[in-house]
Amino acid sequence: MTDYYAHSGNEHNDWHLLKVHLDSVSNLARENLSGWQGEEEAKLAGLLHDLGKYGDRFQNRLHGQDKGLDHWSQGAWIALKDHLALAAALAIQGHHIGLQGFQDTDLKKLNPKSLEINHPQGLTLSEANTEILRSRLTEDGLIITKPQARLFTSWLGVSQARVDNMLDVRRLFSALVDADFIDTEAHFKGNEQGKVQRKSGLKLNAPHENSLAKQALERLKTHIGKKAGHPNPSATLNDIRQELLQSCLQQAQQKTGTFTLTAPTGSGKTLSMLGFALQHALENKLERVIMVVPYLSIIEQTAKTYRDIFVGIGDDFILEHHSMAGLGAEIAKTDAEGDKEQERQIKRQRLLSENWDAPIIITTSVQFLESLFSNRPSSCRKIHRIANAVILFDEVQTLPTQLAIPSLAAVSHIAIHWHSSVVFSTATQPAFNHLHQEVIKQCSGGWQPDEIVIHHAVMMDKLRRVNFTWLPDKLTWQDLADTLSQYQQVLCIVNLKRHAQALWQALEGAENLFHLSTNLCPLHRQAVLAEVRQRLKDGLPCRLIATQCIEAGVDVDFPVVYRAFAPLDAIIQAAGRCNREGKPDIGQTIIFTPDCEGGLYPDGTYKQAANVTESLKNELGEHFDLYNPEVTKQYYQRLYTVAAPEQSAKDLYQSIKDLSFPQVAQQFRLIKNDMINIVVPFDKQLFENLKKLADDKGLTTQWIKQARGLSISLYRPKSDDVVWDSLLPVQQFKQGRYSKQEDWFMVHNDKDYDKTLGYKKPESLNLYIG
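Please read these numbers as outputs of a predicted model, since none were measured by experiment.

Right, let's get into the overall build of the protein. Looking only at helices and strands, the protein has 30 helices and 25 strands in total. For a compact globule of 770 residues, the expected C-alpha radius of gyration is about 27 Å, and the protein comes in at 28 Å, within 12% of that figure. For the protein, the C-alpha atoms occupy an extent of roughly 90 × 70 × 50 Å along the three principal directions. By residue count, 56% of the 770 residues in the protein fall in the buried class. In the protein, of all internal contacts separated by at least 6 residues, the share reaching a separation of at least 24 is 77%. Working note: accessible area of the protein is about 32,900 Å², and carbon and sulfur atoms make up 47% of it. In the protein, 84 side chains carry a positive charge and 91 a negative one; their mean positions are 2 Å apart.

Quick look at the structure:
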């Protein structure tokens, strides 16, 4: 009998038998969805995903012949034609090229007869006769059985073209892709005895008596107890933190579902909601906790806090998955080669981040939400791990209004149908339940969460640590600078980077002055925050000029905060950087309007939210109390009425209606696509290393990973903008030659990066003459 292979030989020249690969992937894919309605369909997808590799052309390809082959469409067609396994067919088709269209007209194009004539990717079928492939699979001892249950038993109509149904397809797709990657990796890492499977990640509730969830919860309680025992000027604050923790632990006994956690800034939400998650995981036998945060600056401090608490439980207990993860270790490795254990741990974390195989995962809103709407195999691979989990969204008010409805639909469906729980945490809880009727159009459950802290309004009222003052007259930058100079410690937050620079210039010459904006690369921002925190702790003079990047979860504590007029949630978040520890001298938050040329806000959406705030303030007068959650609720209800999120993403909704996975992925973006990345010389040694690496190997994934810490993002300049002449493009190196790309650049002149203000866009070419 002829042997057919899935992959060529590994280091030990052991070739991967196709029958072994198909059987392994089939079983792994089913395991990935164990207990869910899609598990049998996943098993079928695994068995058929590489059916085309039984073709002679593919076997020749393994020996260096016949390139440009399609080996997946044949299996997808059999899944569709013989079993009407629609989701399996789409997953099989997409496991190399990404999920495509899901309408009947899209899937019927999988017919090999059509593909022989006109293949959309310009490929050649490894074998057009599916009966030949089926007979070879049978001769190999494999049996195709019809799934007992399928995600969809008929073609999807218009009423079924929704976020929830598309998300279920991605979950099945994820299970297949992960299984395929895992088994292929095991082959190529194999030894003389055969395949070597990667070590599985830890789970919160493994089948042994002393579960990790129980250990971690005890550690957390001990840590919070010690923290409460430290000397603190505010007994009230400590009482509220204990009250919040107890509310979280009590409510964690509920069944899985959707929850909100509304509590004041500085009340210990980060630790208390983790307490909820661990207790909830114990009660409901959940496998992991996923912490989703909006900004990298919050991730750094959250990850450090968690690692300090859980040190020793396991090297892989906490996984960070974001663009800066492991960067500090990699930079250290660049400076001093040789720490083998550190290198091993970095590689291990990279492997685990591919499919989120860890008990606690810390990631960004962009990484999490865009994955839920992606069509790419690498992005979707981890989705099956989101089931049986507690998903914590920190600072959820940062969720873009225009994407609120599809985002709510996705996480609601996960909570209701995937045996998971979702917690939305913030001091300024958006009135998302106001959107329930729109959300229910995209998922059956809509959005009706339970509040964890039932008496959060009382808690807010007890923790009045700040007085709000609204200045009636506009201030010029010089007037504001003169005022700020009178304070020893003060934070001033403005809405635009050019406003921060204008205020800086007005303060030029002042001592102990710091600047923070996204014109600074991440490593620079980390350094500034570290110095600012130390000065505040030591009681030294410190004046910080910042943009909104200081808000939403960044742990600094100033006695006085000035905030340019902004949306209500931004003002409340700014106040959260003031008297955070509840000292006896009540903090002061002063809201002002700049008297300056040009716009006051970053974009129309921000301006609209600021206008709603001003309108509500004028209407409520003395009842405009920012400690009253009802005021926040009124603000969001008005904002959603004015902003009409159901109307602001029409292209996305049309793509969902069309069941087009590629179009949905393209249109669901938390960050606009039209941006470029500029690597700056904040760290001269790392910058030079990156420049040399770019010259030697061009743009690679590894290069991007190391460059993230020195990169800033800018909207793509116009074609005639002088900035292009100040940048050096980093080109990709493919097939022995450089190919043009227009996303990554390095600063040409060191003078374009200021040690305080960060990147300065050049105004003229004169900077580069001589």
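Once the structure has been displayed, the description carries forward.
Let us now look at the packing of helix H1 (residues 18-32) against helix H9 (residues 163-188). The geometry of H1 relative to H9 is characterised by a closest axis approach of 8 Å and an angle of 135 degrees between their N-to-C directions. Of the possible angle classes, the one that applies to H1 and H9 is oblique. In this structure, the crossing between H1 and H9 has a hand that is right-handed. For the pair formed by H1 and H9, the contact residues are His 21, Ser 24, Val 25, Leu 28, Ala 29 and Asn 32 on the first element and Ala 175, Leu 176, Asp 178, Ala 179, Asp 180, Ile 182, Asp 183 and Thr 184 on the second.

On to the sheet that holds strand E19 (residues 711-715). Pairing in this open sheet of four strands is mixed, and the strands run E19-E18-E23-E20 from one edge to the other. Of all the strands in the sheet, the pair left with one neighbour each is E19 and strand E20 (727-729). Within this sheet the neighbouring strands show an average axis-to-axis angle of 35 degrees, counted without direction. Pairing of E20 with strand E23 (residues 744-747) involves three bridges; the strand directions are antiparallel.

What follows concerns helix H26 (residues 629-643). Residues separated by three or four positions in an α-helix point in the same direction, a consequence of the helix having 3.6 residues per turn. Taking 1.5 Å of rise per residue, the 15 residues of H26 would be expected to cover 21 Å, and the 21 Å separating its terminal C-alpha atoms lies within 8% of that figure. Those residues of H26 that sit buried are Pro 629, Val 631, Thr 632, Tyr 635, Tyr 636, Leu 639, Tyr 640 and Ala 643. The buried residues of H26 occupy one face: seen down the axis, they fall within an arc of 165 degrees. Close packing links the buried residues of H26 with helix H20 (456-462), helix H24 (568-575) and helix H25 (604-620). Structurally, the start of H26 carries an N-cap: the backbone nitrogen of Glu 630 is 3.0 Å from a side-chain oxygen of Asn 628.

When the charged atoms of two side chains with opposite charge come close together, those side chains can pair. A full pass over the atoms with the stated rule returns 29 salt bridges. The residue Glu 185 makes a salt bridge to Arg 198 at a minimum N-O spacing of 2.7 Å. Of this pair, Glu 185 sits in helix H9 while Arg 198 is found in the loop between H9 and helix H10 (212-229), placing the two residues 13 residues apart along the sequence. Residue Arg 198 is classed as buried on the basis of its relative accessible area, which comes to 12%. Ionic pairing is found between Arg 307 and Glu 320, a salt bridge with its closest N-O pair at 3.2 Å. A residue pair is termed long-range when its members are at least 10 positions apart, and Arg 307 in helix H13 (residues 296-310) and Glu 320 in strand E7 (residues 318-321) qualify at 13 residues.

As a further point, take the packing of aromatic side chains. In total, this model carries 24 aromatic pairs according to the counting rule given. Ring centres of Trp 703 and Trp 744 lie 5.7 Å apart, and the angle between their planes is 90 degrees; on these two criteria the pair is classed as edge-to-face. Placement of the pair is Trp 703 in helix H30 (residues 701-707) and Trp 744 in strand E23, with a sequence separation of 41 residues. For the residue pair Trp 703 and Trp 744, the accessibility class agrees, reading buried in each case. Joined through ring pairs, the aromatic side chains of Trp 356, Phe 368, Phe 393, Phe 424, Phe 432, Trp 447, Tyr 635, Tyr 636 and Tyr 640 make up one cluster. Taking the ring centre of Trp 418 as reference, the NZ or CZ of Arg 171 above it sits at 4.9 Å. The ring centre of Trp 356 lies 5.4 Å from the NZ or CZ of Lys 382, which sits over that ring.

With respect to topology, six strands assemble into an open sheet ordered E12-E17-E16-E13-E15-E14, the strand pairing being parallel. The open sheet is flanked by strand E12 (466-470) and strand E14 (513-516), the only strands paired with a single partner. Geometrically, the sheet is characterised by an average inter-axis angle of 15 degrees between neighbouring strands, direction not taken into account. Pairing analysis gives four bridges linking E14 to strand E15 (residues 542-546), with the strands arranged parallel. Bridge assignment links Leu 516 to a residue of E15, and that residue is Ala 546. Along the sheet, helix H22 (residues 497-506) makes contact with strand E13 (489-493), E14 and E15, crossing E14 at roughly 170 degrees. Of the strands in this sheet, E13, E14 and E15 are in contact with helix H23 (residues 522-538), which crosses E14 at around 140 degrees.

It is worth spelling out the state of the cysteines at this point. Inspection of the entire model under this criterion finds zero disulfides. Of all cysteine sulfurs, the one in Cys 549 lies closest to Cys 521, which takes part in no disulfide; the gap is 12 Å.

Here we take up H9. Helix length check: H9, at 26 residues, gives a terminal C-alpha distance of 37 Å against a target of 38 Å (1.5 Å per residue), a fit within 8%. In terms of burial, H9 is a largely internal element, 24 of the 26 residues being buried.

To continue, consider the nonpolar core. Residues Phe 102, Phe 368, Leu 372, Phe 393 and Phe 432 are the most contacted members of the largest nonpolar core, which totals 119 residues. Take this core: its biggest share by element is ten residues, from H9. For Phe 102, the residues in contact, after removing those within four places along its chain, are Leu 86, Ala 87, Leu 90, Leu 107, Phe 152, Leu 156, Val 169, Leu 659 and Phe 661.

Our focus in this paragraph is the pairing of strand E16 (residues 560-564). By the criterion of burial, E16 is predominantly enclosed, with five of the five residues buried. Residues of E16 alternate between two faces, with Val 560, Tyr 562 and Ala 564 on one and Val 561 and Arg 563 on the opposite face, all of them buried. Where E13 and E16 come together, three bridges link them in parallel fashion. Considered in E16, the bridge of Leu 491 is made with Val 561.

What follows is about the pairing of strand E18 (residues 675-679). Most of E18 is tucked away, with five of its five residues classed as buried. Neither face of E18 is exposed, since Met 675, Asn 677 and Val 679 on one face and Ile 676 and Ile 678 on the opposite face are all buried. Pairing geometry for E18 and E23, over three bridges, is parallel. When the bridges of E23 are listed, Ile 678 appears paired with Phe 745.

The subject of this paragraph is the side chain of His 280. One can find His 280 in helix H12 (residues 269-284). Apart from the residues within four sequence positions on either side, His 280 is in contact with Ala 252, Gln 254, Lys 255, Thr 256, Phe 259, Leu 286, Val 390 and Ser 421.

Scoring rules and cut-offs
Residues numbered from 1 in each chain as written. Predicted model: local features only at pLDDT ≥ 70, side-chain atom pairs only at ≥ 80, totals over all residues. Heavy atoms only, no water. Helix = DSSP H or I, 4+ residues; strand = E, 2+ residues; numbered from the N terminus. Rg over C-alpha atoms; globule rule 2.2 N^0.38 Å. Buried < 20%, exposed > 50% of the residue type's maximum accessible area, 1.4 Å probe, protein only. Contact = heavy atoms within 4.5 Å. Areas by Shrake-Rupley, 256 points an atom, 1.4 Å probe, with all protein chains shown as cover. Lys, Arg positive; Asp, Glu negative; His and termini not counted. Charge placed at Lys NZ, Arg CZ, Asp CG, Glu CD. Axes fitted to C-alpha atoms, helices over the stretch in contact; angles between N-to-C directions. Parallel < 35°, antiparallel > 145°, perpendicular 65-115°, else oblique. Left-handed = near helix turned anticlockwise from the far one by under 90°. Pairing = 2+ DSSP bridges. Expected span 1.5 Å × (residues − 1). Arc of directions from axis to C-beta. Polar contact = N/O pair within 3.5 Å; in protein donor to acceptor, adjacent residues only side chain to side chain. Salt bridge = Lys/Arg side-chain N within 4 Å of Asp/Glu carboxyl O. Phe/Tyr/Trp six-rings, centres within 6.5 Å; stacked < 30°, edge-to-face > 60°. Lys NZ or Arg CZ within 6 Å of the ring centre and 35° of its normal. Disulfide = S-S within 2.5 Å. Core = buried A, V, L, I, M, F, W, Y, C linked by side-chain atoms within 4.5 Å.

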